Amino acid sequence: MSTVVREQDLGALVVGVTLLGSGGGGDTGAFGRMLRRRLGTGELVLRDAVDLPGVSVSPIGVVGATSVLMEKLPSGGEFETAVRAVSRWTGVDVTALMSLEAGGLNGLTPLIAALDLGLPVVDADLMGRALPRLDQFSWAVAGRSLTPCALSEPSGQVIVVDNVDAAGLERAVRSFVAQTGGWAVLALAPTPIEAAAVDAVEGSLTRALALGRAHAALEPGAVPAAVADGLGGRLLGSGRVVEVARHVIADGGAAFGRGSLCVVDSASRAVIRIETENEYLLALVDGTPVVTTPDLLCVLDRRTLQPIAVDAVRTGDEVVVVALPGPTWWHHPDRLPHVGPEAFGLACPAQLLEAS
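Conventions adopted
Here the residue numbers are simple positions, counted from 1 along each chain's written sequence. With pLDDT at 70 or above as the cut-off, local features in this predicted model cover only qualifying residues; side-chain atom pairs require 80 or more to be listed or tallied, and sums for whole chains, interfaces and linings still use all residues. For side-chain calculations, the full set of non-hydrogen atoms in the structure is used, while hydrogens and water are omitted. Here, a salt bridge means any side-chain nitrogen of Lys or Arg that lies within 4 Å of a carboxyl oxygen of Asp or Glu. Here a strand is any run of E in DSSP of at least two residues, a helix any run of H or I of at least four, and the numbering for each starts at the N terminus. Each residue is placed in one exposure class: buried if its accessible area under a 1.4 Å probe, protein chains only, is under 20% of its type's maximum, exposed if it is over 50%, and partly exposed if it falls in between. Nonpolar core, defined: a set of buried Ala, Val, Leu, Ile, Met, Phe, Trp, Tyr and Cys residues in which side-chain atoms within 4.5 Å join the residues together. Contact definition: two residues touch when any of their heavy atoms are within 4.5 Å. Two aromatic rings from Phe, Tyr or Trp, using only the six-membered ring of Trp, form a pair when their centres are within 6.5 Å; if the ring planes differ by under 30 degrees the pair is stacked, by over 60 it is edge-to-face, and anything between is tilted. Think of it as a cone above the ring: NZ of Lys or CZ of Arg counts as a charge over the ring if it is within 6 Å of the ring centre and within 35 degrees of the ring normal. Any pair of nitrogen or oxygen atoms within 3.5 Å is treated as a polar contact; in protein, a donor-acceptor pairing is required on top of that, and neighbouring residues in sequence qualify only through side-chain atoms on both sides. Note: the arc covers the axis-to-C-beta directions of the helix. Note on pairing: DSSP must find at least two bridges between two strands before they are called paired.

S.K.: Just give me the short version of the pattern of salt bridges, but keep the residues and values in it.
M.R.: Applying the stated criterion across every chain yields a total of ten salt bridges. Residues Asp116 and Arg38 are paired through a salt bridge, measuring 2.7 Å at the closest nitrogen-oxygen approach. One end of the pair, Asp116, is in helix H4 (residues 109–117); the other, Arg38, is in helix H2 (residues 29–39), and 78 residues separate them in sequence. Assessed through its relative accessible area of 29%, Arg38 is described here as partly exposed.

Written out as structure tokens, the structure reads:
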């Protein structure tokens, strides 16, 4: 069933994609404002794949250093440039869009692009949350090629990448954005919707909207257990952040931020330690792993209940730590190793809410 998004839904949608970001995915605020300006008093329909037979869908989103977006905002033309380039290369017109990832700002980018280009949006994506690497797209994990694809950056440069695997594409993207504006729009090849949906996480944007509405229904100052129940998750604890540690690691020529934070639960005095990279990855309570990626770890401000990003959490913050179920698409034993903690160098088997 299709989901209609109107002006009054945008606040909830922005919070929902932020929660699916699990502390990462980039700042959704600027893109939320862009979407509000584009939509105005109109409406946008999130379409189920079965409702769009015969369309050729291109997954689209922003790659690179999303923090640079706050200094170098998109003009909006990057979306059209990337879509037109991949269409020219493949000889197939793009007739629908979907998101690369539902978590963070990329949950909003296909909506902005769809309004600019007059195309329908498929309610699906290639992650179901936010993840940092291109080889963690569901298409790549399922053995499908991510190329040909097109990259468009803010000053107007555009390149097409073809005949490389996911690792080769990652290197090409890093090189391109490092030499240009720090970020770019990535559009994958137009694909028949019937094939595109097979290896995609369906209903992800509708889930984001539902999460945002549930969040909006929470009472200010609600007790932590009620916050977790309202969001459909599990409370890990609530208290003060007593330590934040951050460092940079090098991996294949790229630098990644790695770190951890510790929260002392104000009621039980249990220590909640969260390991982080771009997202919150692993939570331990008194040294015992309890929840890991691909489930979602959300750190919320205790007073406002707003999600706090990995790079924004500070010592002294009063927070609520909630775990939400991740996309079930990743629960298959052949898929889980690609997004579990060991995929990030953490020597811990996946701990899923369903199994805990």
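The discussion continues.
S.K.: Summarise the nonpolar core; cite the residues concerned and give the values.
M.R.: Of all hydrophobic cores here, the largest spans 54 residues; its most connected members are Leu13, Phe31, Ile60, Leu97, Leu111 and Val227. Considering each element in turn, this core owes the most residues, eight residues, to helix H1 (residues 10–20). Beyond its immediate sequence surroundings of up to four residues, Leu97 is in contact with Val57, Ser58, Ile60, Val83, Pro110, Ala113, Ala114, Leu117, Leu119, Pro120, Val121 and Val122. Among the nonpolar cores identified, the runner-up in size contains 43 residues, and Val161, Ala200, Leu281 and Leu282 belong to it.

S.K.: Describe the packing of aromatic side chains, with residues and values.
M.R.: Per the stated rule, a full pass over the model turns up one aromatic pair. The interplanar angle of 80 degrees and the centroid separation of 4.8 Å between the aromatic rings of Trp329 and Trp330 together place this pair among those described as edge-to-face. Since its relative accessible area comes to 0%, Trp330 is described here as buried. The ring of Trp139 carries Arg144 above its face, with NZ or CZ at 4.4 Å from the centroid.

S.K.: Account for the side chain of Thr292, naming residues and giving values.
M.R.: Looking at the secondary structure, you find Thr292 in strand S15 (residues 288–292). Side-chain polar atoms of Thr292 contact the backbone nitrogen of Gln351, separated by 2.9 Å. Residues in contact with Thr292, not counting those within four places in the same chain, are Leu281, Leu282, Pro341, Cys348, Pro349, Ala350, Gln351 and Leu352.

S.K.: Give a detailed account of the environment of Gly316, specifying residues and quantitative values.
M.R.: With respect to the secondary-structure elements, Gly316 resides in the loop between strand S16 (296–301) and strand S17 (318–324). Judged by relative accessible area, Gly316 falls into the partly exposed class, the value being 36%. On a C-alpha basis, the gap between Gly316 and Phe137 in space is 36 Å, while along the polypeptide they are 179 residues apart. Among residues more than four places away in sequence, those in contact with Gly316 are Arg240 and Val241.

S.K.: Talk me through the environment of Asp123; I want residue IDs and the actual numbers.
M.R.: Secondary-structure assignment places Asp123 in strand S5 (residues 121–125). The spacing of Asp123 and Ala228 is 105 residues in sequence and 26 Å in space, taken between C-alpha atoms. Within the structure, Asp123 has its side chain in polar contact with the side chain of Thr206 (distance 2.5 Å).

S.K.: If you had to explain unusual backbone geometry to someone new, which residues and values would you point to?
M.R.: Here the bond from Thr147 into Pro148 is cis, since omega is 5 degrees, no more than 30 degrees from zero. Note on placement: Pro148 falls in the loop between helix H5 (138–141) and strand S6 (149–152). The peptide bond linking Thr293 to Pro294 adopts the cis configuration, its omega dihedral lying at 15 degrees. Of note in the backbone geometry, Ser22 takes a positive phi value of approximately 50 degrees without being a glycine. Its place among the elements puts Ser22 in the loop between H1 and H2. Residue Arg269 is not a glycine yet carries a positive backbone phi of 65 degrees. Summarising the element assignment, Arg269 is placed in the loop between strand S12 (254–265) and strand S13 (271–276). By relative accessible area, which is 56% here, Arg269 ends up exposed.

S.K.: Tell me what's going on with helix H9 (residues 224–231), and back it up with residues and numbers.
M.R.: Looking only at H9, the buried set comprises Pro224, Val227, Ala228 and Leu231. One side of H9 carries all its buried residues, which in axial view fall inside an arc of 95 degrees. Phi turns positive, to about 75 degrees, at Gly232, one or two residues after H9.

S.K.: Would you mind going over H4 in detail, with residue names and values included?
M.R.: Structural remark: α-helix, 3.6 residues per turn; residues separated by three or four positions point the same way. Here H4 has its buried residues at Thr109, Pro110, Leu111, Ile112, Ala113 and Ala114. Just beyond H4, the residue with positive phi is Gly118, at close to 70 degrees.

S.K.: Can you lay out the pairing of strand S14 (residues 280–285) for me, pointing to particular residues and giving the numbers?
M.R.: Extensive coverage of S14 is indicated by the burial of five of its six residues. Two strands pair when backbone bridges link them, and S13 and S14 are joined in this way by five bridges, in the antiparallel orientation. Residue pairing in the sheet places Arg273 in a bridge with Leu284 of S14. Following S13, the chain reverses through three residues before pairing antiparallel with S14. Relative to S15, S14 runs antiparallel, the two sharing four bridges. Paired with Leu282 across the bridge in S15 is Thr292. Between the end of S14 and the start of S15, which pair antiparallel, lie two residues, with Asp286 showing a positive phi angle near 50 degrees.

Keep in mind that these numbers describe shape and distance, not what the molecule does.
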